[in-house]
Amino acid sequence: MLSENIQEIINSLLNRTVQFVRLAGNSLIIYIDCEPGVIGQGYSIWMEPTWHLRNNVEVITGSRAAQTEDEAEHKIISGFFKQIHMKSIKKITIEPITNDLQIELEEGIILKTFVSDPSDEESWHIKDLYKRKRIIGSPRTLQVIKEVT
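Values in this document were obtained by computation on a predicted structure and should not be read as measured data.

Undergrad: So what exactly am I meant to see when it comes to the pattern of salt bridges here?
TA: Side chains bearing opposite charge may pair, as long as their charged atoms lie close to each other. The tally for this structure, following the rule as stated, stands at 5 salt bridges. In this structure, the salt-bridge partner of aspartate 33 is arginine 16, at a minimum N-O distance of 2.7 Å. Of this pair, aspartate 33 sits in the loop between strand E2 (27-32) and strand E3 (43-47) while arginine 16 is found in the loop between helix H1 (4-13) and strand E1 (18-24), placing the two residues 17 residues apart along the sequence. Here glutamate 147 and arginine 134 are joined by a salt bridge, their closest N and O atoms 2.7 Å apart. One end of the pair, glutamate 147, is in the segment after strand E11 (142-146); the other, arginine 134, is in strand E10 (residues 133-137), and 13 residues separate them in sequence. Exposure remark for glutamate 147: the relative accessible area of 18% places this residue in the buried category.

So this is what it looks like as C-alpha cells:
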C-alpha cells in the first residue's frame, strides 16, 4: 500500500501531458506540463537504467539499446520518444516488492522500469516541482523527500 503522500503525487500526474522527453545517456527523463529549466511548475520523471518503452504490439526500445556510444544510433533511439510527446498519462502503478514504475499513456504506450540489481539505491524518481517534493523508488524502498531550493 502506497503512502498518502506518494498516492497524492501519483494522482496529480494523471491526465497531464508529456511536454518534453530527454534521453541522457541511457537514463530517460520525461517532463510533464513543463520543459527543462522551468522552475516551480510541472513534474519530471527520471528513469534510471533499466527501463523499456513499448506499445500494445512490441517493445520499441530500452535502456540497454540507449547505452550506445554511437551518436547517430543514439539520435535514432531518441526519435522513438516522439510518439509520447503531447500524450497524456492515463495510469501510473508502482509494483509491490520490486517498486518498478509503470506509466501508461494514451494509445497503449507504456514506459516501465525493471529491477536489474536489487541493491540499486535509485531506479526512478518523480519530482513534483509545484510542491518541491520528490519520490524516490528503488528495489528496497519508496521515499518522499522535500526538496530544498
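Undergrad: Could you clarify how one ought to interpret the layout of surface pockets in this entry?
TA: If you roll a probe as big as a water molecule over the atoms, it shows you where there is empty space left. Estimates place the volume of the largest pocket at around 340 Å³. Together, 18 residues line the largest pocket, and Val38, Ile39, Lys127, Leu129 and Glu147 are the ones closest to its centre. Secondary-structure elements contributing two or more residues to the lining of the largest pocket are E2, E3 and strand E9 (124-128). With 3 residues, E9 is the largest single contributor of residues to the lining of the largest pocket. Tallied by class, the residues present in the lining of the largest pocket amount to 7 nonpolar, 5 polar and 6 charged. Of the pockets and cavities examined, the second largest pocket occupies roughly 160 Å³. Gln19, Phe20, Val21, Arg22, Leu23, Lys75, Ser78, Gly79, Phe81, Lys82 and His85 together form the lining of the second largest pocket. Of all the secondary structure elements, the ones that give two or more residues to the lining of the second largest pocket are E1 and helix H2 (71-79). Tallying contributions element by element places E1 first for the lining of the second largest pocket, with 5 residues.

Undergrad: Could you clarify how one ought to interpret empty space enclosed by the protein in this entry?
TA: Taken as a whole and judged by the stated rule, the model has 1 cavity of 30 Å³ or more. Volume-wise, the largest cavity comes out at about 40 Å³. Lining the largest cavity are Glu48, Pro49, Thr50, Thr113, Phe114, Val115, Ser116, Asp117, Asp120, Ser123 and Pro139. Partitioning the lining of the largest cavity into residue classes produces 4 nonpolar, 4 polar and 3 charged.

Undergrad: Just to check I follow, could you spell out the sheet that holds strand E4 (residues 51-54) for this structure?
TA: Strand pairing in a sheet relies on backbone hydrogen bonds, with the paired strands running either antiparallel or parallel. Taken in spatial order, the 5 strands make up an open sheet running E5-E4-E8-E7-E6, and their pairing is antiparallel. Every interior strand has two partners, whereas the edge strands, strand E5 (59-62) and strand E6 (89-94), have only one. Across the sheet, the axes of successive neighbouring strands diverge by a mean angle of 15°, strand direction being ignored. For E4 and E5, the ladder comprises 3 bridges, and the chain directions are antiparallel. Paired with arginine 54 across the bridge in E5 is valine 59.

Undergrad: What exactly am I supposed to notice about the sheet that holds E3 here?
TA: An order of E1-E2-E3-E9-E10-E11 is seen for the 6 strands of this open sheet, with the pairing classed as antiparallel. At either margin of the open sheet sits one strand with a lone partner, and together these are E1 and E11. With direction set aside, neighbouring strand axes in the sheet form an average angle of 15°. Taken together, the 6 bridges between E1 and E2 define a ladder with antiparallel strand orientation. Residue pairing across strands places valine 21 opposite isoleucine 30, the latter belonging to E2. Where H1 meets the sheet, it contacts E2, E3, E9, E10 and E11, and its direction lies at approximately 75° from that of E9.

Basis of the calculations
Residues numbered from 1 in each chain as written. Predicted model: local features only at pLDDT ≥ 70, side-chain atom pairs only at ≥ 80, totals over all residues. Heavy atoms only, no water. Salt bridge = Lys/Arg side-chain N within 4 Å of Asp/Glu carboxyl O. Helix = DSSP H or I, 4+ residues; strand = E, 2+ residues; numbered from the N terminus. Buried < 20%, exposed > 50% of the residue type's maximum accessible area, 1.4 Å probe, protein only. 1 Å grid on protein atoms, 1.4 Å probe; cavity = no way out; pocket = protein on both sides within 12 Å on 5 of 7 lines; lining within 4 Å. Points joined across faces, edges and corners; volume = space filled by probe spheres on them. Nonpolar A, V, L, I, M, F, W, Y, C, P; charged D, E, K, R; others polar. Pairing = 2+ DSSP bridges. Axes fitted to C-alpha atoms, helices over the stretch in contact; angles between N-to-C directions. Contact = heavy atoms within 4.5 Å.

Purely geometric numbers; function is a separate question.
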